[in-house]
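Examining the three-dimensional arrangement
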Amino acid sequence: MKNNSTKNRVGNFNQSIGDITKYFLTDTGLLLNTNDESIEITVFSNHIIRVRIYKNEYKQEDFSYAVTGKPENTDFQVIEEQGRLILKTKALKAVFSLTPFRVAFYTIDDKLINQDDTAFGTSWIGHEVTTYKKLHDDEKFIGLGEKNGPLNKRGKAYVNWNTDKFAYSVEDDPIYLSTPFYIGLHNNLAYGIFFDNTHKSTFNFGASNNRFIYFQAEDGEMNYYFIYHNHVSDIISSYTALTGRMELPPLWSLGFHQCRYSYYPDKEVMNVARTFREKNIPADVLYLDIHYMDNFKVFTWNKQTFPNPEKLCKDLSDLKFNLTLILDPGIKTQKGYKPYDEARSNNLLVKYPDGTPYEGQVWPGWSSFPDFTDEATRTWWADNIKALTEVGVTGFWNDMNEPATWGQHVPNLIEFNYEGYGATHKKAHNIYGMQMTRSTYQGARKYLNSQRPFILTRAGYSGVQRYSAVWTGDNVADNQHMMAGIRLINSMGLTGIAFAGYDVGGFAGNTTPDLYARWIMIGAFSPFFRAHSMINTQDSEPWCFGEEVEETARNFISLRYKLAPYLYASFYETTQTGLPVSRSLAIDYSYDENIYKAEYQHQYLFGKNILVAPVESTKDLSKVYLPQGYWFDLFTDTFMEGENSIIVETPLTHFPLYVKAGAVIPMQSLTMSLKEKPEDILFLHVWANANGSFTYYEDDGKSFEYLEGNYCKREIINDFKNKTITLDKQQGVFKSYFKEIKLYLHGFNHLLKEQVIVNGESVKVEFEDYKYIEPISDFDPFIDASKQILKIKNLAYISIKNRIEEINILWNN
């Protein structure tokens, strides 16, 4: 037996895993043993292999809050040769050295994807467990979710420990959410590693050393899932197959959300709602922060400022608004306060080892905390949601759930049920917010009468996407934070969290008119679109910054509402594949060096077809990188070749947006709320110069009937090379709201004849000057710096009837 210990000058020991003494083949992989450790290798699929390593004396339950996927029935081979075991699936090979135990992963044609550092492999220092991996030349690292810093995280290190970080800097780490999953890229190979250990963990991507990367946890097991595919998109899909995918949200939740800390009394809430409608600014959701409660006690109402919550919800609903309430986990320690009495008497609170409930200070004062790792507690919390749904509340905002307390030092010795296994705060901390959110989701799902709830959370762990949208917490009103928020959302999308956003305008501090204008237009192209501001700051509604900013806000919010069919179908795709709505360019252009450069790393695809190139409010000119392919300027249809950088004007009236050649984008008429039915014409935009396709999806936008087949889905295929556009036969039984289709043909003018053939019949081609937005005031924000109106001249279109059967369009017969 080799001595795999190393001793440093202060007498501590690093204990690397030793030699394999025996191994067994199992139905799903391998079981291997050293003198002190056990290793379980599980083949989850052809593309996913789990590596679980633990000290025999510290073996823990094999349980995960994150992983819901089960191993597939996968054929694999195990071969022993030259002191190693080779496990082979159809997609990859795992090679296990036996003396000592080390792991390496290869493609089927023997290209090295990832391997342990040969000296250290998996090691322990006391209870701290670490796996060291070889650092490849030019290897890039993306993902890890809500982490500040650049897109490529090489040379950086990050800690996973959910932290209440008010007004965090754009370099601060950790902040609110932990998703310990990253993607590595090198030599045209991509892989993912999900380290499923809920203790405080660290990922070091070559910070302070040039030898290895590593991921480590303060305690617990080495438990990671290795994922290999040819494409980053497939790695994300496999990761979300493991950890779950979001459900379809209510359609109204994709609209504009207006929030403030705090709107009160109820008359102020109604005044904000009426002002949106009077000014013709679309919006769907208003929020109540902690001041709606009685002395900040959860599940209560302040009877002076909100005497009739049911009437408030009814009045808001009449204006097509939904109401979302904040919920904090801290239960004020006060006898006679029903939630506290119930939680205390039913043993539902987090406790010290002597059985005394833990108390920490938060908004209500000294408070106890529900143990959301106990199913009984989750059921109790969910049942408390009923009273809120009964008055008409449809959205729930989970805050302070890291968990946060004044002082920021929850004692590690407090104990949690952890589904009957038991755990201290060290193990339960990172999943606390996720389990609170799960409880809220379960209550809303149960008591909203088969209507989809909207759930939002600040804290979470891998898998939180199954229950909730996420926002990036207490950001700051400055350009740095605006740009950092974009990186955070794109990074969360790489780790399965597709429904995510930031506080538009900035939460802390006073935003400026220029900053608000830029932020609102960028926010219109984020999955979750909410403006929010802090107490004792200036009002930050769209009309608070002057007429020009108000018009800009109205126009970009309106553009988002007109894009609702495209956006909703993009969310549907997320439910099926796990791919995000805001897509880092690293997903589709993984090996293009330009996308990782500082000046381009904020760019992303909104859905699969719209390229968003954010720019600070202080810049009148900006560099934009167009990736491989062909692109059209959204506002002018100017045609451009990819793999090029361009300089564009960026006045405070609009910003760079481009459409991929071959794209298909459905749009609708403008409504003030997504609860309103649009006009019965579907505006279907198709771009020339490449083939493309789009999965169109529609349902009632509010119920779960889509799970029973009550939806409308059809593939729209732009076969540019063969001069056809096809709408496949509808799947599902839902009757589309749209009776007609107005098909816009971008970039086709020089190719079209006077008529096209639709299902064998001639249809006349017509032309119009087209603008995506028609301003309602004298100020027109869609004018560029040269005073040229941003419109598409002589845009070709045809009008046809919508139908369930296939629609085939031959545009140049």
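What you see is a predicted model, and the numbers here were worked out from it, not measured in a lab. (Residues numbered from 1 in each chain as written. Predicted model: local features only at pLDDT ≥ 70, side-chain atom pairs only at ≥ 80, totals over all residues. Heavy atoms only, no water.)

As a further point, take the overall build of the protein. The number of helices and strands found in the protein is 11 helices and 55 strands. The C-alpha atoms of the protein give a radius of gyration of 27 Å, which matches the 28 Å a tight globule of 813 residues would have. If you line up the protein on its principal axes, its C-alpha atoms span 85 × 70 × 50 Å. Here the protein holds 813 residues, and 64% of them are scored as buried. (Helix = DSSP H or I, 4+ residues; strand = E, 2+ residues; numbered from the N terminus. Rg over C-alpha atoms; globule rule 2.2 N^0.38 Å. Buried < 20%, exposed > 50% of the residue type's maximum accessible area, 1.4 Å probe, protein only.)

All right, on to the sheet that holds strand β51 (residues 755–758) then. Ordered by their spatial adjacency, six strands build an open sheet running β47-β48-β49-β55-β51-β52, and the pairing between neighbours is antiparallel. Of all strands in the sheet, those with a lone pairing partner are β47 (692–698) and β52 (761–764), marking the two edges. On average, adjacent strands in this sheet sit at an angle of 20° to one another, irrespective of strand direction. Sheet topology note: the β51/strand β55 (residues 807–810) ladder contains two bridges and is antiparallel. (Pairing = 2+ DSSP bridges. Axes fitted to C-alpha atoms, helices over the stretch in contact; angles between N-to-C directions.)

Scanning the entire structure with this criterion turns up 34 salt bridges. Here E221 and R52 are joined by a salt bridge, their closest N and O atoms 2.8 Å apart. With E221 in the loop between β20 (212–217) and β21 (222–229) and R52 in strand β6 (residues 48–55), the pair connects residues that are 169 residues apart, well separated along the chain. Across the pair, R52 and E221 agree in class, each one buried. Through salt bridges with shared partners, a single network forms among E40, R50, R52, D62 and E221. (Salt bridge = Lys/Arg side-chain N within 4 Å of Asp/Glu carboxyl O.)

Below, the discussion takes up helix α1 (residues 232–243). For α1, built from 12 residues, the straight-helix expectation of 16 Å at 1.5 Å per residue is met to within 8% by its first-to-last C-alpha distance of 17 Å. Among the 12 residues in α1, 10 count as buried, and that is most of the element. V232, S233, I235, I236, S237, S238, Y239, T240, L242 and T243 are the residues of α1 that are buried. Note on α1: the residue one or two positions beyond its end, G244, has a positive phi of about 95°. (Expected span 1.5 Å × (residues − 1).)

Once that is clear, we can look at the pairing of strand β49 (residues 724–727). Residues of β49 alternate between two faces, with T724 and T726 on one and I725 and L727 on the opposite face, all of them buried. One ladder, built from four bridges, connects strand β48 (residues 712–719) with β49; its direction is antiparallel. Within the sheet, the bridge partner assigned to D719 lies in β49 and is T724. Pairing of β49 with β55 involves four bridges; the strand directions are antiparallel. Looking at β55, one finds that T724 is bridged to L810.

All right, on to the packing of aromatic side chains then. How two aromatic rings sit relative to each other is set out by the distance from centre to centre and by the angle between their planes. Counted according to the given criterion, the structure contains 73 aromatic pairs. Ring geometry for Y182 versus Y191: centroids 6.1 Å apart, planes at 80°, classification edge-to-face. Taking relative accessible area as the criterion, Y191 reaches 0% and is therefore assigned buried. Centroid distance F499 to F571: 5.0 Å. Interplanar angle 75°. Geometry classified as edge-to-face. Of this pair, F499 sits in the loop between α7 (479–494) and β34 (500–501) while F571 sits in helix α10 (residues 564–577); the two residues are 72 residues apart in sequence, bridging distant segments of the chain. (Phe/Tyr/Trp six-rings, centres within 6.5 Å; stacked < 30°, edge-to-face > 60°.)

Another point: helix α2 (residues 266–278). Between its first and last C-alpha, α2 extends 18 Å over 13 residues, near the 18 Å set by a 1.5 Å rise per residue. Its buried side turned inward, α2 meets β22 (256–258), β23 (285–288) and α3 (309–318). Within two residues after α2, N280 carries a phi angle of roughly 55°, on the positive side. (Contact = heavy atoms within 4.5 Å.)

One open sheet accounts for nine strands, arranged β34-β33-β31-β28-β24-β23-β22-β36-β35; its pairing is parallel. On the outer flanks of this sheet lie β34 and β35 (503–504), each paired with one strand and no other. Sheet topology note: the β23/strand β24 (residues 322–327) ladder contains four bridges and is parallel. Bridging from a neighbouring strand, L286 pairs with L323 of β24.

To continue, consider the nonpolar core. Core analysis: the largest hydrophobic core is formed by 218 residues, its most contacted members being L327, W381, F525, Y772 and I809. Excluding residues that lie within four positions of it along the chain, Y772 makes contacts with L559, K562, L634, F635, M667, H685, W687, H746 and I792. Listed in part, the 41 residues of the second largest apolar core include V43, V51, V129 and Y224. (Core = buried A, V, L, I, M, F, W, Y, C linked by side-chain atoms within 4.5 Å.)

Our focus in this paragraph is unusual backbone geometry. The residue after Y261, namely S262, is reached through a cis peptide bond having omega 5°. Note that S262 resides in the loop between β22 and α2. Residue E402 is joined to P403 through a cis peptide bond whose omega torsion reads 5°. Not every positive phi belongs to a glycine, and M400 is a case in point at roughly 55°.

Take the pairing of strand β14 (residues 140–143) next. Within a regular strand, side chains alternate between the sheet's two faces. With burial as the criterion, each face of β14 is covered, one bearing K140 and I142 and the other bearing F141 and G143. Bridge count between β14 and strand β17 (residues 181–186): four bridges; the pairing is antiparallel. Following the sheet pairing, G143 is matched in β17 by Y182.

Attention shifts here to the side chain of S703. By the element assignment, S703 lies in the loop between β47 and β48. Among the polar contacts made by the side chain of S703, one reaches the side chain of D700 at a distance of 2.5 Å. From its side chain, S703 meets the backbone nitrogen of E705 in a polar contact 3.1 Å long. (Polar contact = N/O pair within 3.5 Å; in protein donor to acceptor, adjacent residues only side chain to side chain.)

Two elements in contact, α2 and α3, have axes separated by 10 Å at closest approach and are oriented at 5°. In terms of orientation, α2 lies roughly parallel with respect to α3. Across the interface between the two elements, D266, V269, M270 and A273 from α2 touch L312, D315 and L316 from α3. Class assignment for the residues of the contact of α2 with α3 results in five nonpolar, no polar and two charged. (Parallel < 35°, antiparallel > 145°, perpendicular 65-115°, else oblique. Nonpolar A, V, L, I, M, F, W, Y, C, P; charged D, E, K, R; others polar.)

Attention shifts here to the confidence of the model for the protein. Predicted coordinates in regions of low pLDDT should not be interpreted in detail. For the protein, mean pLDDT is 95; residues scoring 70 or higher make up 97% of the total. Low confidence marks residues 6–11, where pLDDT is under 50. Its contacts with residues over four positions away, or in another chain, come to five contacts. (pLDDT = per-residue confidence, 0-100.)

In this fold, G546 is placed in the loop between β36 (529–531) and α9 (547–562). Once the C-alpha coordinates of G546 and P513 are considered, the two residues, 33 residues apart in sequence, prove to be 7.7 Å apart.

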